[in-house]
Amino acid sequence: MRNLLIKRNEGEANYDIDFQCHIKKLFGSLMDKVNNTAVEEFILLAFSDLNQLQIPLFFVVLFVYIICMFGNFVIIILVIAEPSLHTPMYLFICELAVLEIMFVSCIVPNLLANLIADKKSISFSGCFIQLFANTALGTAECYLLAVMAFDRDLAINKPLHYSAIMTQELCVQLILLPWIVGIITVSISTVFTAKLEFCGTNEINHFICDYYPLQSLACSNTFITQVVTNFGAFVAAVVPFTVTVGLYTHVIIVILKINSAESKQKAYSTLSSHLTVAGLFYITAIVVYIVPKGTHYNKFLALIYTVITPLLNPFIYAFRNKDIKKTLIKSRRLKLCQGSFQY
């Protein structure tokens, strides 16, 4: 009888153990699924390590943002209001100003909120919307700089045939090209990144959502996604950079062959602002992406690339472009004349 009771107790114990294992496996698999989809927001650490210095940085970034918006809006208004600036070159400059306004507006407002808010989070969908927007606009700017280089090459290399080649239809196509390439290229990389499974930590040591920090948080295999992202980066940056450098090199060679000192000076004057903007954009971008990922200075370099460079562009065109300076002086004189007539 005693042996039977012992066997019975052992059987019940084994049954209890099997039942508990089964429950653990069931809930374990459910918990795994929950963990893989648990990330509903990301924490942008931004400049949290600066502590009290975040407040002065807030006012500096806010001031730069206001000046940047003002400068780019002035360029847009001048190009629209002045009939003499209704040429392909100034339409491209106007488009660049629009891109800069949209680009900084995708990043800076969220950065400003991050610098003064206790909660430094961004929603899952908001993070990927920001990722798509800023990378698409950045790609569009790369291709627009290539388009502007093509326009200058055509104007300086073939001045007599410029009007016949640069028709209204071609100009519209070149205006739309950067937007189309930017949207298509970035859409693919963003979709692949968004499909990754995110679990565990959700802290991003940056002030924006970017591909590398997001992919490093994924708990699924990122090999294919990284290949797609790298190919997208090649199409987005390397291709237009190569085209831009090649076209400006050709332009400089053509200018050096010009015999007339006056014509050569005029060509250099027109080209100088374009070279300055393109050089500033690509130099800062290259420095940001050459520096090893995850370094302490990475986000400070990105701040220059995403905030300071867009601030300088309208002033480079305003102070180095004779036509825009003349338009500014003309509009100022017109206001002074109107004011004197009112009195």
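If you're wondering where the values come from, they're calculated on a predicted model, not measured in any experiment.

S.K.: I keep staring at a positive patch on the surface and nothing clicks. Help me out?
M.R.: Taken together, the side chains of K266, K322, K325 and K326 make up a positively charged region of the molecular surface. Residue contributions to the positive patch peak at 3 residues, all from helix α11 (residues 322–342). Looking at where K266 falls in the secondary structure, it is placed in helix α9 (residues 261–290). The exposure class assigned to K266 is exposed, which follows from its relative accessible area of 62%.

S.K.: Just checking my understanding: could you explain the packing of aromatic side chains for this structure?
M.R.: To describe a pair of aromatic rings, one takes the distance between the centres and the angle between the planes. Applying the stated criterion across every chain yields a total of 10 aromatic pairs. Plain terms: the ring middles of F47 and F207 are 5.7 Å apart, the flat faces sit at 20° to each other, and that makes the pair stacked. Of this pair, F47 sits in the loop between β1 (41–44) and α2 (54–81) while F207 sits in the loop between β3 (203–204) and α7 (211–217); the two residues are 160 residues apart in sequence, bridging distant segments of the chain. The interplanar angle of 80° and the centroid separation of 5.2 Å between the aromatic rings of F58 and F59 together place this pair among those described as edge-to-face.

S.K.: Is there a simple way to explain helix α3 (residues 88–116) in this structure?
M.R.: For an α-helix, the turn length of 3.6 residues means that residues three or four places apart are oriented alike. Taking 1.5 Å of rise per residue, 29 residues should cover 42 Å, and α3 covers 43 Å from first to last C-alpha, within 8% of that figure. In α3, a bend of some 35° at S105 exceeds every other bend along the element, and P109, a proline, comes one to four places later.

S.K.: Please explain the UniProt feature "transmembrane region" (unreviewed entry) in the protein chain as it appears in this structure.
M.R.: The positions UniProt marks with the feature "transmembrane region" (unreviewed entry) are residues 55–80, 92–116, 128–150, 170–192, 231–256, 268–291 and 297–319. Overall, residues 92–116 shows 100% helix and 0% strand. The separation of its end C-alpha atoms is 37 Å.

S.K.: Help me understand the side chain of T135 in this model?
M.R.: Within the secondary structure, T135 is located in helix α4 (residues 124–157). Engagement of the side chain of T135 in a polar contact is seen with the backbone oxygen of F132, the distance being 3.3 Å. Those residues in contact with T135 that sit more than four places away from it in its chain are V186 and Y211.

S.K.: What exactly am I supposed to notice about the nonpolar core here?
M.R.: Across soluble globular proteins, nonpolar side chains show a tendency to be buried alongside one another. Among the nonpolar cores identified, the biggest contains 58 residues, and F47, M148, F207 and Y317 are the most heavily contacted of them. For this core, the elements supplying multiple residues, two or more each, are α2, α3, α4, α6 (168–194), α9 and α10 (298–320). Take this core: its biggest share by element is 16 residues, from α3. Excluding anything up to four places from it in sequence, Y317 contacts I75, I93, L96, M148, S273, H274, V277 and I324. If you look at the next biggest cluster of nonpolar residues, it comprises 17 residues, including F42, L44, I122 and I204.

S.K.: Before we go on, may I ask you to explain the confidence of the model for the protein chain in this structure?
M.R.: For any part of a model where pLDDT is low, the fine detail of the predicted coordinates should not be relied upon. Across the protein chain, the average pLDDT comes to 81, with 82% of residues at or above 70. α6 holds the highest mean pLDDT among the elements of the protein chain, 95, whereas helix α1 (residues 2–36) holds the lowest, 44. Low confidence marks residues 1–8, where pLDDT is under 50. Its contacts with residues over four positions away, or in another chain, come to 0 contacts. Here residues 15–37 is modelled with pLDDT under 50, and outside its nearest four sequence neighbours on either side it reaches 7 contacts, counting other chains as well.

S.K.: Sorry if this is basic, but what is going on with the environment of N114 here?
M.R.: Checked against the element boundaries, N114 lands in helix α3. For the pair formed by N114 and I43, sequence separation is 71 residues and the distance between their alpha carbons is 9.8 Å. Ignoring anything within four residues of it in the chain, the contact list for N114 reads L44, L45, A46, Q54 and K120.

S.K.: Can you help me understand the state of the cysteines in this one?
M.R.: What is meant by a disulfide is a covalent connection between two cysteines, made through their sulfur atoms. Tallying each qualifying case throughout the model produces 2 disulfides. The disulfide partner of C127 is C209, and the gap between their sulfur atoms is 2.0 Å. Residues C127 and C209 are joined through a disulfide that is left-handed, its torsion about the S-S bond being -125°. Linking C127 in helix α4 with C209 in the loop between β3 and α7, this pair joins segments that are 82 residues apart in sequence. Covalent S-S linkage joins C199 and C219, the inter-sulfur distance amounting to 2.4 Å.

S.K.: Please explain unusual backbone geometry as it appears in this structure.
M.R.: Of all residues except glycine, most have a negative phi; of all peptide bonds, most are trans. Unlike most non-glycine residues, A46 shows phi in positive territory, near 50°. With respect to the secondary-structure elements, A46 resides in the loop between β1 and α2. Notably, N51 is not glycine yet its phi reads approximately 55°, a positive angle. By the element assignment, N51 lies in the loop between β1 and α2. By relative accessible area, N51 is classed as exposed at 53%.

S.K.: What should I look at first to understand the environment of I122 in this one?
M.R.: Looking at the element boundaries, I122 is found in strand β2 (residues 121–123). Taking the C-alpha atoms as reference, I122 lies 9.0 Å from E40; in sequence the two are 82 residues apart. Those residues in contact with I122 that lie beyond four places of it in its chain are E41, F42, L44, N110, C127, Q130 and C209.

Conventions and cut-offs
- Residues numbered from 1 in each chain as written.
- Predicted model: local features only at pLDDT ≥ 70, side-chain atom pairs only at ≥ 80, totals over all residues.
- Heavy atoms only, no water.
- Patch = residues over 30% accessible without salt bridge, like charges linked within 9 Å, V, L, I, M, F, W, Y side chains within 5 Å.
- Areas by Shrake-Rupley, 256 points an atom, 1.4 Å probe, with all protein chains shown as cover.
- Salt bridge = Lys/Arg side-chain N within 4 Å of Asp/Glu carboxyl O.
- Lys, Arg positive; Asp, Glu negative; His and termini not counted.
- Charge placed at Lys NZ, Arg CZ, Asp CG, Glu CD.
- Helix = DSSP H or I, 4+ residues; strand = E, 2+ residues; numbered from the N terminus.
- Buried < 20%, exposed > 50% of the residue type's maximum accessible area, 1.4 Å probe, protein only.
- Phe/Tyr/Trp six-rings, centres within 6.5 Å; stacked < 30°, edge-to-face > 60°.
- Expected span 1.5 Å × (residues − 1).
- Bend = angle between axes of the 7 residues up to and from the residue.
- UniProt positions renumbered as here; feature names shortened; annotations may be inferred.
- Polar contact = N/O pair within 3.5 Å; in protein donor to acceptor, adjacent residues only side chain to side chain.
- Contact = heavy atoms within 4.5 Å.
- Core = buried A, V, L, I, M, F, W, Y, C linked by side-chain atoms within 4.5 Å.
- pLDDT = per-residue confidence, 0-100.
- Disulfide = S-S within 2.5 Å.

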